[in-house]
Structures are given as C-alpha cells and as structure tokens.
Amino acid sequence: MQNNIIKDNLTVQHEKDNHRFTMAINGEIAKVAYQLRDGKMYLTYSEVPYNLRGKGYGKELVERTFEQLTKEGYKAVAVCSYIKAVARRSEKWNSIIE
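Reading the values: the criteria
Just so you know, the residues in each chain are numbered from 1, in the order the chain's sequence is written. Where local features are concerned, this predicted model is filtered to residues with pLDDT of at least 70; where side-chain atom pairs are given and counted, the filter is 80 or more; whole-chain, interface and lining totals use all residues. Side-chain numbers here rest on the full set of heavy atoms in the structure, without hydrogens or water. Think of it in three bands: residues with accessible area under 20% of the maximum for their type are buried, residues over 50% are exposed, and the middle band is partly exposed, with areas taken using a 1.4 Å probe on protein chains only. For helices the rule is a DSSP run of H or I covering at least 4 residues; for strands it is a run of E covering at least 2, with both sets numbered from the N terminus onward. Only strands that DSSP links by at least two bridges are regarded as paired with each other. Patch definition: residues above 30% relative accessible area lacking any salt bridge, with like charges linked at up to 9 Å and the nonpolar side chains Val, Leu, Ile, Met, Phe, Trp and Tyr linked at up to 5 Å. Residue burial considers only the protein chains on display, and all accessible areas are found by Shrake-Rupley using a 1.4 Å probe. Whenever a carboxyl oxygen of Asp or Glu lies within 4 Å of a side-chain nitrogen of Lys or Arg, that contact is scored as a salt bridge. Counted charges follow a simple rule, with Lys and Arg positive, Asp and Glu negative, and His plus the chain ends left uncounted. One atom stands in for each charge, and that atom is NZ of Lys, CZ of Arg, CG of Asp or CD of Glu. Helix axes are fitted only over the stretch in contact, all axes being lines through C-alpha atoms; the angle between N-to-C directions runs from 0 to 180 degrees. Contacts were defined at the residue level, with two residues in contact if any of their heavy atoms lie within 4.5 Å.

The name given to the chain in an unreviewed UniProt entry is N-acetyltransferase domain-containing protein, and the organism recorded there is Arenibacter palladensis.

Right, dumping it as structure tokens:
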C-alpha cells in the first residue's frame, strides 16, 4: 500500500435496487456489482476510480463487501478476477467465498 488509508471513515453501502455495493472515497465512488441467482451473489465487477488505484482501496472495498453480504446472510461467488484474488489471499474469506 503506497498511502495509508483511514479505514475508519470507509463504509460500504448496499444499493439493492442497483445490484451493487458502493464505498465513497474522497467524494468519488468505488463499487462492486453483482447478480443475484439462486440465493447467491455473483460478484461480477469491481471498480475504483482511476486516481485512487494502487492505494489499497480496492482490497478494502472488496473485504468490506464480503463483510456486508455475509452479515446480510448471502453466500457469494467471485466472478471478477480481482475479487477472486482478494478472496484467495485472505484466510478469512478464501473458504467462505466460492
């Protein structure tokens, strides 16, 4: 991580109508999109605004998305390659996220 992130100020919002999780960062929006099928969330896409990339926000977004969807009782399938990579590298998430 190049810059330290102030993690306490970052929160993920579940926008159910838009099928995505969002996180506001310095006035910009990072997001994880999903499709809901058979009671599972298929996490299809993640995006962090270009000028915020490489600073650890993507990982923070994905991990907080995992926390939120788990809290809401969903199971998840990582489709996006970045989301898969974050899940695989984490002891907490590698056995929970398909």
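Having seen it, we continue.
Student: Would you mind going over the pairing of strand 1 (residues 12-15) with me for this structure?
Tutor: A regular strand places its side chains on the two faces of the sheet in alternate fashion. Residues Val 12 and His 14 of strand 1 are buried on one face, while the alternating residues Gln 13 and Glu 15, pointing to the opposite face, are not. Taken together, the four bridges between strand 1 and strand 2 (residues 20-25) define a ladder with antiparallel strand orientation. Within strand 2, the residue paired with Gln 13 across the bridge is Thr 22. Here strand 1 hands over to strand 2 after four residues, with His 19 in that stretch at a positive phi of 55°.

Student: Quick question: what am I supposed to make of a positive patch on the surface here?
Tutor: Judged by side-chain charge, Lys 59, Lys 84, Arg 88 and Arg 89 come together as a positively charged surface patch. Sort the elements by how many residues they give to the positive patch and helix 2 (residues 81-89) lands first, with three residues.

Student: I'm lost on the sheet that holds strand 2 in this one. Help?
Tutor: Pairing between the strands of a sheet comes from backbone hydrogen bonds, and it takes one of two forms, parallel or antiparallel. The sheet built from five strands is open, its strands ordered 1-2-3-4-5 with mixed pairing. A strand with exactly one partner marks an edge of an open sheet, and here the two such strands are strand 1 and strand 5 (75-78). On average, each strand axis in the sheet is tilted by 30° relative to the strand beside it, whichever way the strands run. Sheet topology places strand 2 next to strand 3 (residues 28-37); six bridges connect them, and they run antiparallel. Within strand 3, the residue paired with Met 23 across the bridge is Ala 30. Here helix 1 (residues 57-71) sits on the sheet and contacts strand 1, strand 2, strand 3, strand 4 (40-47) and strand 5; the angle it forms with strand 2, its principal contact strand, is near 135°.

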